[in-house]
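Here is how the chains run, residue by residue.
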Amino acid sequence: MAVREFIAVIPSRYASSRLPGKPLAQIAGQPMVAHVWRRACESRATRVVVATDDARIEKALAALGAEVLMTRADHPSGTDRLAEVAERLGLADDAVLVNVQGDEPLIPPTLIDQVADRLFDDPDASIATLAEAISDVESLFNPNVVKVVRALSGRALYFSRAPLPWDREAWDSDAFAMRPELLETDAWLRHIGLYAYRAGFLAEYRDWTPSPLEHLEQLEQLRALHHGHAIQVALAREPHPAGVDTVEDLARVRGLLEAKANRGGD
């Protein structure tokens, strides 16, 4: 079996509309982004790089021995920041990078490995990502929960904030009522925002303007589909814990990691 080497990259911005300074929020005695870095280091990644535009983040991570790459401050997305990292590191077009969100201190390392492996399994795909079954009606109709529809090959057909696919026979289109037992199948999938990319794709991506569907849905992965690139979607091997977007999320994660630290874990 060929060696499946990949680089984990953690884009980290200090600014946040809902939680300013989020990467450096203290959790169990460490900045949040440090917990993400440690989880990435527990994966099979041959190299873990934190990409930031803020000297405070660089200082905090460098003190822990992390590799930090200072990037431009004007990137519109984490994917664009990843493209700069691939260029700065001089990576070959077929090199694989996994984008690990800097606000997911509970990310299981096995999922980082899985999304990389999914891309290696499909040499013609440009991106790989993960999904998990939707098990409750509220999530299905929640526009903040992104849904994905897959082909038999595992490649993404479409991503949407709408409840796709639409069950024409079972659902009341006026009241959005449905029978919960229908969710016992895996027809409805929640997209997990963990991505693996080929460096060559990233070089192309940064030159594209947002597509019309991307504007409508506010989902940047639709730009890749618009340009004809394949996205592989694997069903996550284990549950994907929610990240930190709000003060309430931060309190929840603090409680979990502080309890773990008190038990002698990391």
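Our subject in this report is the structure included herewith.

Analysis parameters
- Residues numbered from 1 in each chain as written.
- Predicted model: local features only at pLDDT ≥ 70, side-chain atom pairs only at ≥ 80, totals over all residues.
- Heavy atoms only, no water.
- Helix = DSSP H or I, 4+ residues; strand = E, 2+ residues; numbered from the N terminus.
- Polar contact = N/O pair within 3.5 Å; in protein donor to acceptor, adjacent residues only side chain to side chain.
- Buried < 20%, exposed > 50% of the residue type's maximum accessible area, 1.4 Å probe, protein only.
- Pairing = 2+ DSSP bridges.
- Contact = heavy atoms within 4.5 Å.

**Some details on the environment of Trp 188**
Consideration 1: Of note, Trp 188 is situated in the loop between strand 9 (156-160) and strand 10 (189-198).
Consideration 2: The spacing of Trp 188 and Asp 94 is 94 residues in sequence and 32 Å in space, taken between C-alpha atoms.
Consideration 3: Within the structure, Trp 188 has its side chain in polar contact with the backbone oxygen of Pro 165 (distance 2.6 Å).

**Quick word on the pairing of strand 11 (residues 231-235)**
Regular strands have side chains that alternate between both faces of the sheet.
Consideration 1: Of all five residues in strand 11, four are buried, a share of seventy percent or more.
Consideration 2: When strand 7 (residues 127-133) meets strand 11, the two strands line up parallel, connected through five bridges. Residue pairing in the sheet places Ala 128 in a bridge with Gln 232 of strand 11.

**So, the side chain of His 35**
Consideration 1: Mapped onto the elements, His 35 comes out in helix 1 (residues 32-41).
Consideration 2: Residue class for His 35 comes out buried when judged on its relative accessible area of 3%.
Consideration 3: Beyond its immediate sequence surroundings of up to four residues, His 35 is in contact with Ile 27, Ala 28, Gln 30, Pro 105 and Leu 257.

**Thoughts on the environment of Pro 163**
Consideration 1: Its location among the elements puts Pro 163 in the loop between strand 9 and strand 10.
Consideration 2: Here Pro 163 falls in the buried class, since its relative accessible area comes to 13%.
Consideration 3: The spacing of Pro 163 and Val 137 is 26 residues in sequence and 9.6 Å in space, taken between C-alpha atoms.

In short, shape yes, function no, at least from these values alone.
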